[in-house]
Amino acid sequence: MADNLFESTSEHTSISVFLFLFVPGRIWLDNVHCTGSEKSLAHCESNGFGVSDCKHSEDVSVVCSSKRIPGFKFIRNQGLTVQVEEVRIRATYSHRKRIPITEGFLEVKDGGKWRQICNEDWNQMNSRVICGMQGFPGEKRFNTRPYKLLASRRKKNYWGFSINCTGNEADLSDCKLGREIEKKGNSTCGKGMPVVVSCVPGRVFAPSVSIGFRKAYRVEQPLVRLRGGAMIGEGRVEVLKNGEWGTVCDDNWNIRTATVVCRELGFGSAKEALTGARMGQGIGPVHMNEVECSGFEKSLTECYFNPNSLGCSHEEDAAVKCNVPAMGFHNRLRLSGGRNPYEGRVEVLGERNGSLVWGTVCSDSWGTMEAMVVCRQLGLGFASNAFQETWYWQGDSSADAVVMSGVRCSGTELTLEQCLHHGKHVVCPKGGGRFAAGVSCTMTAPDLVLNAQVVEQTTYLEDRPMYALQCAHEERCLSGSADKADPSSYRRLLRFSSQIHNNGQSDFRPRASPQSWVWHDCHRHYHSMEVFTHYDLMSLNGTKVAEGHKASFCLEDTYCDEGIQKRYECANFGAQGITVGCWDTYRHDIDCQWIDITDVKPGDYILQVVINPNHEVAESDYTNNIMKCRSRYDGHRMWTYNCHTGKRDLFTLCIKDEIFFSKKK
């Protein structure tokens, strides 16, 4: 049960808690403080897993009430309050194996019993709200004939009320009660039948006969996206305007507006409308402020906002958490043998000899992107580490055999099965056992972003003699032609400064421990990451014409936002990293902070800088690790302009290129 120790269903709450608290051995939690809103004990504040000075004589226990806490409330105008525990769509027998369940009889759990709702007063707006709660963006028509036939053969147990929704509610608890239904046994709903709801799944969750679920998560609309979220269907809201992505200010941000975003992206209604940059701070402009939606807009861009409102910073970036369909993905994957539920050997449910068995994943090519998919599939957030050896985690011995190999993920997949892999033809020379793949997960992650404006403002050319570049040459910071260059010759260097911010929710730390950092005698410093950034000069068609790289000479907090204390300093071989809200600056005048363009011909180019290019350290968003600038070189001078972070199409770059040089003329 290691993989779901902290998860509890409503029917088994007390069992899960007692298993956790009375297992002999280590004491996992101490000084636990919960607000009451957490979904798991693991989410409460504590000393951390395994950090305790307690004895087993201080073990705690609980006794849970047999009565469940009601999930929803309906408030009537006359003051009557009716509580309902749960809502579900119950599929017919022929549809129950379909995932997700999009159509069936609507049932509510009241007093521990599932009850149907009479459809005499039911309308399309009610169905819209139900579908949103179940993770679907909309409702659709359906064939009523088979349901009428089924309803006539079944014993019915109707709920005693009707419901009246306007359709823009995010949750059934926001709707009003309709009239009270007089119960008359099977003739209770004499003119109707039990309510049936049919929902339209978002594109990413829609099954297909030929290819199954879509191979990777992609938003349906290019004008709005989510970034920085640990789970599918959550993140900071970003809007595309004039070819540039920007954020939304949280002034007037509410659940109705958040629901418009969620439905637009193919999810259901919003669970939460988050304010105060809860999903990390974005970059670029704040495109929208004081947004107001009716709830029926197809896109956030159709909602009213105040274009004249100024003064909103990225500390006020809005975010959402959306309802997503119950896909059951977590049932086909587990972590085994870890010290806590957030780590362990990866075990998958795979086919072997015609039956489904648990087995391990070959660790060849296993890395951060693959670990990211595992953690997301299990609902455990981001990956903090990907392990290629797991001998220290004693998993289930019956699951030692390798059932999946050759796994390559882009990082956007919903499940490990959607990643590229060898399928049934498993090839793993090292075998499983100690070389099985493993992960550790975390609910927060760093997010490094390069300040594009600093690069644009500090770019210049320097001609430097070869004899002054010996250390840089040893560290492979010059182009290949430097190997045969005369010591008295000069190299032409395109220099610039890099200011790298951590906009995430946790500190950026090197993956390698200090004991494994590499000492470079020439420069007299340690490299905690052998390649921290890539610098490339490319032609307009994307061909690389010159390149450079920067090892992490030392990751430290050069400056921090007001009120944030520096934690990392390189002096005296101190701890390396970048604190949330701080930035590390590599000045233009230090070694290897350049691209060697000695052999580059005059022309138009693209300057590209990529941070953490090998994904050695997990981040909440890799799309903002890339910065590109347009550059024009005439053989003597270099103009660098239109620098931006993130991807932008070449057409937009070229249009702005013409505007820039027309102004220069």
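Residues numbered from 1 in each chain as written. Predicted model: local features only at pLDDT ≥ 70, side-chain atom pairs only at ≥ 80, totals over all residues. Heavy atoms only, no water.

Novice: Tell me about the packing of aromatic side chains, and please be specific about residues and values.
Specialist: Taken as a whole and judged by the stated rule, the model has 13 aromatic pairs. Residues F387 and W393 carry aromatic rings whose centres are separated by 5.2 Å and whose planes lie at 85 degrees to one another, so their mutual orientation is edge-to-face. What links up through ring pairs into an aromatic cluster is the set F387, W391, Y392 and W393. The ring of W245 has R225 sitting right over it, with the charged end atom 4.1 Å from the ring centre. Here K566 stacks its cationic end above the ring of Y559, 5.7 Å away from the centre of that ring. (Phe/Tyr/Trp six-rings, centres within 6.5 Å; stacked < 30°, edge-to-face > 60°. Lys NZ or Arg CZ within 6 Å of the ring centre and 35° of its normal.)

Novice: Describe the sheet that holds strand β32 (residues 594-596), with residues and values.
Specialist: Taking strand neighbours across the sheet as the criterion, the 3 strands line up as β23-β24-β32 in an open arrangement whose pairing is antiparallel. Edge positions in the sheet fall to β23 (460-465) and β32, since each of these pairs with one other strand and no more. Neighbour-to-neighbour, the strand axes of the sheet open up by a mean angle of 35 degrees, direction not taken into account. (Pairing = 2+ DSSP bridges. Helix = DSSP H or I, 4+ residues; strand = E, 2+ residues; numbered from the N terminus. Axes fitted to C-alpha atoms, helices over the stretch in contact; angles between N-to-C directions.)

Novice: Explain the nonpolar core residue by residue, including any values.
Specialist: Nonpolar side chains tend to gather and get buried jointly when the protein is soluble and globular. Grouped together as the largest cluster of nonpolar side chains are 32 residues, with contacts concentrated most on V346, V361, W366, V374, L416 and V439. Going through the elements one at a time, β16 (333-337), β17 (343-352), α5 (368-377), β19 (382-387), β20 (402-404) and β21 (438-442) are the ones with two or more residues in this core. With near-sequence residues (within four places) excluded, V439 lies in contact with L335, Y342, E343, G344, V346, W366, A371, V374, C375, N385, F387 and W393. Counting residues in each nonpolar core, the second largest holds 29 residues, with V455, L494, V617 and Y633 among its members. (Core = buried A, V, L, I, M, F, W, Y, C linked by side-chain atoms within 4.5 Å. Buried < 20%, exposed > 50% of the residue type's maximum accessible area, 1.4 Å probe, protein only. Contact = heavy atoms within 4.5 Å.)

Novice: Lay out the pattern of salt bridges in plain terms, naming residues and giving numbers.
Specialist: All told, the structure shown has 27 salt bridges when counted by the stated rule. Among the salt bridges present, the one from E389 reaches R434, with a minimum N-O distance of 3.1 Å. Of this pair, E389 sits in the loop between β19 and β20 while R434 sits in the loop between β20 and β21, and the two are 45 residues apart along the sequence. Across the pair R476 and D483 runs a salt bridge whose closest N-O atoms are separated by 3.5 Å. Three or more residues joined by partner-sharing salt bridges are found here, namely R334, R345, E347 and D400. (Salt bridge = Lys/Arg side-chain N within 4 Å of Asp/Glu carboxyl O.)

Novice: Describe the confidence of the model for the chain, and please don't skip the residues or the numbers.
Specialist: Do not read the fine detail of predicted coordinates wherever pLDDT is low. In the predicted model, the chain carries a mean pLDDT of 84, and 87% of its residues have values of at least 70. Ignoring residues within four places in sequence, the model shows residues 209-215, a span with pLDDT below 50, making 15 contacts including any to other chains. Below a pLDDT of 50 lies the segment residues 649-665, which in the model reaches 17 contacts outside its immediate sequence neighbourhood of four places, other chains included. (pLDDT = per-residue confidence, 0-100.)

Novice: Before we move on, could you go through the sheet that holds strand β30 (residues 559-560) and cite the residues and values that matter?
Specialist: As summarised here, the arrangement of the 4 strands in space is β22-β25-β31-β30, forming an open sheet in which the pairing is antiparallel. Bordering the open sheet on either side are β22 (448-450) and β30, each of which pairs with just one other strand. As paired strands, strand β25 (residues 498-502) and strand β31 (residues 582-586) are joined by 4 bridges and run antiparallel to one another. Bridged to S498 within β31 is Y586.

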